[in-house]
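Below, each chain spelled out in residue letters.
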Amino acid sequence: LRMASTNVAALQKDKAYVDGKWVSAKSGKTFEVTNPSTGAVLGSVPDMDRSDAQAAVDAAYKSFQSWKTTLPKERSDILRRWFELCVKHKKELATLITLEMGKSYPESEGEIAYSANFLEWYSEEARRTYGHVTPSSAQNKRVMVIKQPVGVVAMITPWNFPSAMLTRKMGAALAAGCTVVARPAEDTPLSALALCQLAEQAGVPPGVVNVVTSSRDNASPIGKEFCENPLISKISFTGSCNVGKTLLSQCASTVKKTSMELGGNAPFIVFDSADVDKAIQGVMFAKFRVTGQTCICANRILVQEGVYDKFVQALAKAIDSQLKVGDGFEPGVTQGPLINKRAVDKVESLVNSSVDQGAKVVVGGTRKEGAGNFYNPTLLRDVTTEMSVSTEEIFGPVAACIKFKTEEEAVTIANSTRYGLASYFYTNDISQSYRVSEALEFGMVGVNESAMTSPETTFGGWKESGLGTEGGKYGIDEYLALKNICYGIQ
Ligand code: ADP
């Protein structure tokens, strides 16, 4: 195992990080973190409650008073050092991800590169939060609009990208001059705490980044504290639609600004004109990365009738030859476990109910025997738009192929969902590529491309997939408030 050669222990903390100190829960309670591949206990971290969260908010509010006045160049330098430390420790950080979350080790290294890049990108953007001077409506007035940090930001993040979901938010927030209280998912607190340790080394001052760890039982009370505490100006959440909606309604009480990255139901459309080999390569990534557990994973694979059979056959072959299920540290493994047993049960029931309604299993369709939360990569054909595998977010390694006849039909099916995060299509018809990319009601469209996320561009959903955006030159604006300053002159 590669983990043996790395010095992970030094980055694995068993305390939360508040006001620059490593702290326990006031109650003294802890909860265990386990490896989803083996069930082994990796360690314990504080099970904090609402009062611990409140203390962290107080620390973040106090630190905000000085952090907001630091020079952008200073914040930029600190973020840059944090980025460099993440790169330096990429093996240990990646090992922690595979240990607590299960994704294959190469995927974990990929996540650390991606995660660190957000810190680098925002170290660059920190110095470019330009406002503007606007022509005045009167001779005796001068008007300018400036951008200032919104204040303390609370962040709630999921387990599927334990590092990158935090840096994408924290990089932007810190660059803008905000301070942070984050609650990472209960499944993956270790990656978050390791990031804090590197932040401290990079020179992030006490109280600027705070991480509060808790079990699922305390997630809701801490979420409530974040939404209702008047010292918090903004909530940034990545997770399910249902929890996002709960937080939004709770935020009404204090009119918090919010950024919401919620679920998706991504269509992956293959037109008759597509290069099928390229489309197969694309769908293998868009569907099976992180064992299907990303919110931009292809959920409904729509294939035009002229290439349907060819595509399904080629996909079956690719799944058989390219995917290997197992412990993420085993060489050659591409498909780690699902995050927990509940996730396996859900995937199993989606597949079974589709089969009951007439879908056919071409590959897989079963759990992997033995320990760990494994489900075999699965290919279903003859799927219809009414089946729950089409209407629900699968979040697992199941490729559900639906046949369609016309471009219009494909676009109608693709858009007939309340979600609007990622979408993909493959075509070699240039006019079609313009028509379809403009017609899709999604915040992200991959045209003959399935890897479309990077720090330089935006990540955000339309419709019920969310509010606001992360990354790119717009990501930092989510943490800045506009101020109109109007001067009366004599
Ligand atoms: P997922 O299906 O990815 O676990 P969730 O929305 O359930 O998505 O979880 C995303 C994050 O939100 C996790 O950190 C989880 O602990 C947290 N969470 C779950 N329920 C609540 C809640 N009621 N209030 C605040 N946070 C919550």
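Everything numeric here is computed off the predicted structure, so don't read it as measured data.

Caption draft 1: How the structure looks around the sheet that holds strand β5 (residues 132–134). Here we have three strands laid out as an open sheet, ordered β5-β6-β22, and antiparallel in their pairing. The outermost strands of the open sheet, each flanked by one partner alone, are β5 and β22 (480–488). Each strand of the sheet is rotated relative to its neighbour by a mean of 25°, with strand direction disregarded. Sheet analysis places β5 next to strand β6 (residues 141–149), joined by three bridges and oriented antiparallel. Residue pairing for β6: Thr 134 is matched across the bridge by Val 143.

Caption draft 2: Structural context of the UniProt feature "domain: Aldehyde dehydrogenase" (unreviewed entry) in the protein chain. Per the UniProt record, "domain: Aldehyde dehydrogenase" (unreviewed entry) is found at residues 22–485. Secondary structure across residues 22–485 comprises 39% helix and 21% strand; the distance between its end C-alpha atoms is 41 Å.

Caption draft 3: Just the UniProt feature "active site" (unreviewed entry) in the protein chain, in detail. Here, UniProt's "active site" (unreviewed entry) annotation points to Glu 261. Inspection of the secondary structure puts Glu 261 in strand β11 (residues 257–261). By the C-beta count within 10 Å, which is 27 here, Glu 261 ends up buried. Filtering out sequence-adjacent residues up to four positions away, Glu 261 remains in contact with Thr 238, Gly 460, Gly 461, Gly 466 and Glu 470.

Caption draft 4: Just the sheet that holds strand β19 (residues 444–447), in detail. The seven strands are arranged β14-β15-β16-β13-β12-β18-β19 in an open sheet whose pairing can be described as mixed. The two strands at the open ends of the sheet, each matched to only one other strand, are β14 (360–363) and β19. Neighbour to neighbour, the strand axes of the sheet diverge by 25° on average, direction disregarded. Bridging between β14 and strand β15 (residues 378–381) involves three bridges; their strand directions are antiparallel. Following the sheet pairing, Val 363 is matched in β15 by Leu 379. Along the sheet, helix α10 (residues 308–322) makes contact with β12 (266–270), β13 (298–304), β14, β15 and β16 (398–404), crossing β14 at roughly 50°.

Caption draft 5: Region of the structure containing the site of the ligand. Surrounding the ligand, one finds 13 residues, the nearest of these being Ala 185, Gly 223, Gly 239, Ser 240 and Val 243. Listed by contribution, the elements that provide at least two residues to the shell around the ligand are α7 (219–228) and α8 (241–251). The element best represented in the shell around the ligand is α7, accounting for three residues. Here the residues of the shell around the ligand sort into five nonpolar, six polar and two charged.

Caption draft 6: Unusual backbone geometry, seen in detail. A positive phi angle, near 50°, is found at Val 255, a position not held by glycine. Summarising the element assignment, Val 255 is placed in the loop between α8 and β11. Look at Val 255 and you get exposed, because 8 C-beta atoms sit within 10 Å. Notably, Phe 395 is not glycine yet its phi reads approximately 55°, a positive angle. Turning to its location among the elements, Phe 395 is positioned in the loop between α12 (388–391) and β16.

Caption draft 7: Spatial organisation of the environment of Glu 100. With respect to the secondary-structure elements, Glu 100 resides in helix α3 (residues 90–101). Among all residues touching Glu 100, those that are not within four sequence positions of it are Val 33, Asn 35, Leu 42, Pro 162, Asp 187, Thr 188, Leu 190 and Ser 191.

Caption draft 8: Spatial organisation of the pairing of β12. Across the five residues that make up β12, a large majority, five, are buried. Burial along β12 is two-sided: the residues Ala 266, Phe 268 and Val 270 and Pro 267 and Ile 269 are all buried. With five bridges connecting them, β12 and β13 associate as parallel partners. Paired with Phe 268 across the strands is Ile 301, a residue of β13. With helix α9 (residues 276–288) bridging β12 and the parallel β13, this β-α-β connection has right-handed handedness. Pairing between β12 and strand β18 (residues 422–426): three bridges, direction parallel. Bridged to Phe 268 within β18 is Tyr 424.

Caption draft 9: Spatial organisation of the environment of Asn 484. Residue placement: Asn 484 occurs in strand β22. Asn 484 sits 247 residues away from Phe 237 along the chain, and the two C-alpha atoms are 28 Å apart. When neighbours within four sequence positions are excluded, Asn 484 is seen to be in contact with Val 143 and Val 145.

Caption draft 10: Main features of the packing of α3 against helix α4 (residues 105–125). Orientation of α3 relative to α4, taken along the N-to-C sense of each, is 125°, at an axis distance of 8 Å. By the criterion of interaxial angle, the relationship of α3 to α4 is oblique. Seen along the crossing, α3 lies across α4 with a hand that is right-handed. Counting all contacts with α3, which are made through Lys 90, Leu 93, Ala 94, Ile 97 and Thr 98, the residues of α4 involved are Tyr 105, Ser 108, Glu 109, Glu 111, Ile 112 and Ala 113.

Caption draft 11: Spotlight on the nonpolar core. Counting 146 residues, the largest nonpolar core has Trp 82, Val 180, Val 181, Val 283, Ile 301 and Leu 380 as the members making the most contacts within it. The element contributing the most residues to this core is helix α5 (residues 164–176), with nine residues. Residues contacting Ile 301, with those up to four places away along its chain left out, are Phe 268, Val 283, Ala 399, Ala 400, Cys 401 and Ile 402.

Caption draft 12: Examining helix α11 (residues 341–356) more closely. Compared with the 22 Å implied by 1.5 Å per residue over 16 residues, the 22 Å span of α11 between its first and last C-alpha is a close match. Looking only at α11, the buried set comprises Val 344, Val 347, Leu 350, Val 351 and Ser 354. Projection of α11 onto a plane perpendicular to its axis shows the buried side chains occupying an angular sector of 130°, all on one side. When the buried face of α11 is taken as reference, the exposed residues oriented beyond 90 degrees from it are Arg 342, Ser 349 and Asp 356. Looking at the buried residues of α11, the elements they touch are β15, α12 and β16.

Definitions and limits used
- Residues numbered from 1 in each chain as written.
- Predicted model: local features only at pLDDT ≥ 70, side-chain atom pairs only at ≥ 80, totals over all residues.
- Pairing = 2+ DSSP bridges.
- Helix = DSSP H or I, 4+ residues; strand = E, 2+ residues; numbered from the N terminus.
- Axes fitted to C-alpha atoms, helices over the stretch in contact; angles between N-to-C directions.
- UniProt positions renumbered as here; feature names shortened; annotations may be inferred.
- Buried ≥ 20, exposed ≤ 12 C-beta atoms within 10 Å, placed from the backbone.
- Contact = placed C-beta atoms within 7 Å.
- Near = placed C-beta within 6 Å.
- Nonpolar A, V, L, I, M, F, W, Y, C, P; charged D, E, K, R; others polar.
- Right-handed = clockwise from strand over helix to strand, strands pointing away.
- Parallel < 35°, antiparallel > 145°, perpendicular 65-115°, else oblique.
- Left-handed = near helix turned anticlockwise from the far one by under 90°.
- Core = buried A, V, L, I, M, F, W, Y, C linked by C-beta atoms within 7 Å.
- Expected span 1.5 Å × (residues − 1).
- Arc of directions from axis to C-beta.

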